[in-house]
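Fold and geometry: a report
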Amino acid sequence: MSTGAPEGYDPYAFVPFAVTVDLAVFTVRDGRLHVLLVERGEDPYKGHWALPGGFVLPRESAEDAARRELAEETGLTEATVSALHLEQLRTYSDPDRDPRMRVVSVAYTALVPDLPEPRGGGDAANARWWDAGALGALAFDHDRILTDAHDRIGARLEYTCLATAFCPAEFTLGELQQVYETVWGVELDRPNFRRKVLTTPGFVQAVEGSPRRTGGRGKPAALYRAGAATALHPPLLRPEGRSA
């Protein structure tokens, strides 16, 4: 059976376009939501800050390209990047989103625990974590992508166990609560949050052994790790009308 193009099909009848990937990578630092940005070292938008990303190679999937570009532009190791939780966000295809040519971008979002400081590489002059609440205008349509990614994460925390992806392997319930408060921008009631987490099957699992003291004069805090569940039943809905 032939695997070539059908008879009469002319691939040159269509205007060619490129496919890229862009990544909105979030973490929680010092009680604030941060996003990973790179400073563009080449035109267009040379010197402007942007989401990490780049072109998909001919024999490469979009997800493989996303992980490759993230490693190249930030200096993060391949092992670190391969372990990240990447989630496809959506496709951005406005005809004029890139001044070079028609470019369609597949955007991903990633949630990570606090990582080492990145460094620029590839075609990025610099890379760093930025406070997500104190950003200027980004290159291309990356402001829109970042807003969409933030909205997606906020919604996903209500119905999934994704918040644990922001935490280290072992964490306290206070650290988990801080993730929700940081992403949602709200203040949560501590006893109520603790009750909801501990009564949700498979959300967290207690770590055997001595508890960890988190500082100050309070009681030692129990440690937990992510449980086996992926969805929250019932959902942990954000409160309305209460801001942090």
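On a predicted model such as this, the values are computed, not experimentally measured, just so you know.

What counts as what
- Residues numbered from 1 in each chain as written.
- Predicted model: local features only at pLDDT ≥ 70, side-chain atom pairs only at ≥ 80, totals over all residues.
- Heavy atoms only, no water.
- UniProt positions renumbered as here; feature names shortened; annotations may be inferred.
- Helix = DSSP H or I, 4+ residues; strand = E, 2+ residues; numbered from the N terminus.
- Phe/Tyr/Trp six-rings, centres within 6.5 Å; stacked < 30°, edge-to-face > 60°.
- Buried < 20%, exposed > 50% of the residue type's maximum accessible area, 1.4 Å probe, protein only.
- Polar contact = N/O pair within 3.5 Å; in protein donor to acceptor, adjacent residues only side chain to side chain.
- Contact = heavy atoms within 4.5 Å.
- Axes fitted to C-alpha atoms, helices over the stretch in contact; angles between N-to-C directions.
- Parallel < 35°, antiparallel > 145°, perpendicular 65-115°, else oblique.
- Left-handed = near helix turned anticlockwise from the far one by under 90°.
- Nonpolar A, V, L, I, M, F, W, Y, C, P; charged D, E, K, R; others polar.

1. A few points about the UniProt feature "domain: Nudix hydrolase" (unreviewed entry) in the chain
UniProt's entry tags residues 16–160 with the feature "domain: Nudix hydrolase" (unreviewed entry), counted in the numbering of this structure. For the annotated span residues 16–160, helix accounts for 25% and strand for 35% of the residues, and the straight-line distance between the end C-alpha atoms is 39 Å.

2. Considering the packing of aromatic side chains
What the rule picks out here adds up to five aromatic pairs. Ring geometry for Y180 and F193: centres 5.5 Å apart, planes at 65°, overall edge-to-face. Of this pair, Y180 sits in helix α4 (residues 173–184) while F193 sits in helix α5 (residues 190–199), placing them 13 residues apart in sequence. In this structure F193 comes out as buried when scored by relative accessible area, which is 3%.

3. Quick word on the side chain of Q177
Inspection of the secondary structure assignment puts Q177 in helix α4. Side-chain polar atoms of Q177 contact the backbone oxygen of L188, separated by 3.2 Å. Apart from residues no more than four positions distant in its own chain, Q177 is found in contact with L188, D189, R190 and F193.

4. With respect to the packing of helix α3 (residues 142–159) against α4
Following both chains from N to C, one finds α3 and α4 inclined at 140°, their axes separated by 10 Å at the closest point. Judged by the angle between their axes, α3 and α4 are oblique. Where α3 crosses over α4, the two elements pack in a sense that is left-handed. On the side of α3, the interface is formed by H150, I153, G154, L157 and E158, while α4 contributes Y180, V183 and W184. For the contact of α3 with α4, the residue count by class is five nonpolar, two polar and one charged.

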